[in-house]
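Single-letter residue listing:
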Amino acid sequence: MASSSLAFPALQTQFQSLKKPSSPKPSTRRFSVRPIRASISENPSVPGPPATVSPSEPTKLPIRKIPGDHGLPLIGPFKDRLDYFYNQGRDEYFKSKIQKYRSTVFRANMPPGPFIAPNPQVVVLLDGKSFPVLFDVTKVEKKDLFTGTFMPSTELTGGYRVLSYLDPSEPKHAKLKQLMFYLLKSRRDHVIPEFNASYTELFTSLEKNLALGGKASFGEANDQAAFNFLARSWFGTDPAETTLGLDGPGLVAKWVLFNLGPVLKLGLPKYLEDLTIHSFRLPPSLIKKSYQRLYDFFYASSGFLLDEAENLGISREEACHNLLFTTCFNSFGGMRILFPNMMKWLGRAGTKLHARLAEEIRSVVRSNDGSITMRGMEEMPLMKSVVYEALRIEPPVSLQFGRAKRDLIIESHDAAFEVKEGEMLFGFQPFATKDPKIFTQAEEFVADRFMGEGEKMLEHVLWSNGPETEEPTLGNKQCAGKDFVVLVSRLFVVELFLRYDSFEIEVASVVGVAVMGTSIHMETQNIILHFKPPV
């Protein structure tokens, strides 16, 4: 899902396989419906033809010089970094520049800047018309730009540049993306039952903690459930039955910090944080043992995928590092952001929406003999719209980058701008997907926005590094797991409203979203969860 890197010498470690444990039995569901059956029948992707470069189309809009500047060397990037993280905050940083330049396209510096990124200069795209150029691989290059103006060390990925950092023009890109398509296709029948098992465990644990202590962290429980689900559904292995145990989410969190520290805000004192993780890279050697534990788990669990990788001409070691990155960084990282956000927006939407969702979901499940199926979820238009709206209003991956392959003309709603070959383009997706010239009530969560005629607006839902109306191929950079992410998001909403009639929340912003439960009220099958920030 959803997605980065830091620079140090390659890890010189030897990886040994572990005996693969047997797949766990699904947990028993508590809601009164029959066991879930999977019916995923679609292929996860259709490879497309190689991309070809086409000449720029003429524009009818006035050509305007790109406003803004980068300031003095070192001083300009440092000031912009402080404004971005602390003085203004990310959203206000962009809004203030839009107002200053009276343009949604302008020049600025993107963190981290000195001394990690030697060139932080970007052309910023903040509207729904200019933003999609970042998806066009005939116009922009994606090589080593997954995390933007800096590239994390390949020591954090076993010495390999993994798929997320490869441009489609590179030979390894198609092979590695094909391996991800193979994973999704070969394990599709396990997704729905294993999601039910893992998230039944989550809700059961949450309810017990609420009853015993009066509070429980949704975020922590979701992290464990998401990791367990991915390991069970994709690799047929229950982490709890291996030497990894329950340590997976914590190990991943530490590893991601080493990858993304330069662009994270952790809440430390302003100048201490800025002069440490935003100015210098954390040494990969400090995370070596933790990463090795994750690698050993995935190597022992993915034998059938490593066999397929060799058939595609990829070494088992490189394939395993890519499988780990895709699972832990892209998929797990996306679920630990997306699901709490989904809870937040649904909780704020109120009981009337909850009642409509519960009625729609339960009616369809009953008509399908108590089973959740792909076909059945297609008969839940409100549920589908809610998922798309959550992905629109707060996409799990908000930053996109690309380097101009040639001189380009980029259009906003009001003007056209000349971009030179080699310039870095940057887009902040929430501004593009909340563009008031595209969406009405753009800043509001509108649950039925994508129902009926509203489905035509899905072309402007861009969370997957491409429009929702397009599909990932070997020749583009759209998320290989695009349909998988939509599926698990739908499953989350379905499981939630099969189990509960309604809930109330309060949220606290940390690194992601923290949701803590503090009370539980039961009336037959009605459970209202009241959430509040952690103490």
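Because the structure is predicted, anything quoted here is derived from the model rather than measured. Every chain is numbered on its own, with residues counted from 1 as its sequence reads. Local features in a predicted model are, by the rule used here, given only for residues with pLDDT of at least 70; side-chain atom pairs are given and counted only at 80 or more, and totals for whole chains, interfaces and linings are based on all residues. Computation of side-chain values: all heavy atoms of the structure, hydrogens and water removed.

Q: Hey, could you run me through the packing of helix α6 (residues 248-260) against helix α8 (residues 288-301) in this one?
A: Packed helix pairs are specified by the crossing angle of their axes together with the interaxial distance, meaning the distance between the axes. Fitted lines through C-alpha atoms serve as axes, helices being fitted only where they are in contact, and the angles separating the N-to-C directions of these axes extend from 0 to 180 degrees. A helix here means a DSSP run of H or I that spans at least four residues, while a strand means a run of E at least two residues long, and both kinds are numbered starting from the N terminus. One way to put it is that α6 packs onto α8 with a least axis distance of 10 Å and a crossing angle of 130°. The angle between α6 and α8 places the two elements in the oblique class. The way α6 lies across α8 gives a crossing that is left-handed. Between α6, through Gly248, Leu251, Val252, Lys254 and Trp255, and α8, the contact on the second element is made entirely by Ser290, Tyr291, Arg293 and Leu294. Note that the term roughly parallel is reserved for angles under 35 degrees, roughly antiparallel for angles over 145, roughly perpendicular for angles of 65 to 115, and oblique for everything else. Crossings are assigned a handedness: left-handed for a near helix turned anticlockwise from the far helix by less than a right angle, right-handed for a clockwise turn. We call two residues contacting when some pair of their heavy atoms lies within 4.5 Å.

Q: It is not clear to me how helix α2 (residues 90-101) should be interpreted in this structure. Could you clarify?
A: An α-helix turns once per 3.6 residues; consequently, residues spaced three or four apart project the same way. Here α2 spans 17 Å end to end across 12 residues, near enough to the 16 Å set by a 1.5 Å rise per residue. Each residue is placed in one exposure class: buried if its accessible area under a 1.4 Å probe, protein chains only, is under 20% of its type's maximum, exposed if it is over 50%, and partly exposed if it falls in between. All buried positions along α2 are accounted for by Tyr93, Phe94, Ser96, Lys97 and Tyr101. Looking straight down α2, one finds that the buried residues subtend no more than 160° of arc, so they occupy a single side. In this analysis, the expected span of each helix is defined as 1.5 Å times one less than the number of residues it contains. Think of it as the arc spanned by the lines of direction from the helix axis to the C-beta atoms.

Q: Would you mind going over the state of the cysteines with me for this structure?
A: Put plainly, a disulfide is one covalent bond tying together the sulfur atoms of two cysteines. Any pair of cysteine sulfurs within 2.5 Å is marked as a disulfide. The final tally for this structure, using the stated rule, is zero disulfides. Of all cysteine sulfurs, the one in cysteine 320 lies closest to cysteine 328, which takes part in no disulfide; the gap is 9.9 Å. For cysteine 328, a relative accessible area of 1% gives the class buried.

Q: Quick question: what am I supposed to make of the packing of helix α11 (residues 351-367) against helix α13 (residues 381-393) here?
A: Interaxial distance between α11 and α13 falls to 8 Å at its minimum, and their mutual angle equals 125°. What the angle tells us is that α11 and α13 run oblique. Residue-level inspection shows Leu353, Arg356, Leu357, Glu360 and Ile361 of α11 in contact with α13, the latter providing Pro381, Leu382, Met383 and Val386. Residues belonging to the contact of α11 with α13 are distributed by class as follows: seven nonpolar, no polar and two charged. In this count, Pro and Cys sit with the nonpolar residues alongside Ala, Val, Leu, Ile, Met, Phe, Trp and Tyr, while Asp, Glu, Lys and Arg are called charged and the others, Gly among them, polar.

Q: How should I be thinking about the pairing of strand β6 (residues 408-411) in this particular structure?
A: Each regular strand carries side chains that alternate between the two faces of the sheet. In β6, alternate side chains face the same way, and those of Leu408 and Ile410 are buried while those of Ile409 and Glu411 on the opposite face are not. At least two bridges found by DSSP between two strands are what make those strands a pair. Here β6 runs beside strand β7 (residues 416-419); their pairing, made up of four bridges, is antiparallel. Residue pairing across strands places isoleucine 409 opposite glutamate 418, the latter belonging to β7.

Q: Explain the nonpolar core to me, please; I cannot follow it from the model alone.
A: Across soluble globular proteins, nonpolar side chains have a tendency to be buried as a group. Tyr199, Trp255, Leu346 and Ile361 are the most contacted members of the largest nonpolar core, which has 108 residues in total. Ranked by residues supplied to this core, first place goes to helix α10 (residues 316-349) with 15 residues. As used here, the term nonpolar core means buried Ala, Val, Leu, Ile, Met, Phe, Trp, Tyr and Cys residues forming a set that is joined through side-chain atoms within 4.5 Å. If you look at the next biggest cluster of nonpolar residues, it comprises 19 residues, including Leu82, Phe85, Tyr93 and Phe106.

Q: Help me understand the pairing of strand β1 (residues 105-109) in this model?
A: Counting buried positions along β1 yields five of five residues, so the element is predominantly enclosed. On β1, burial covers both faces: Val105, Arg107 and Asn109 on one face and Phe106 and Ala108 on the other are all buried. Examined bridge by bridge, β1 and strand β2 (residues 121-125) share five bridges and lie antiparallel to one another. For alanine 108, the partnering residue across the bridge sits in β2 and is valine 122.

Q: Looking at this structure, how should I read helix α9 (residues 303-311)?
A: Along α9, the positions that sit buried rather than exposed are Leu305, Leu306, Glu308 and Ala309. The buried residues of α9 occupy an angular sector of 160° when the element is viewed end-on, so they sit on one face. The inward-facing, buried residues of α9 abut α3 (171-186), α5 (218-235), α8 and α10. Immediately downstream of α9, the backbone of glycine 313 shows phi near 90°, a positive value.

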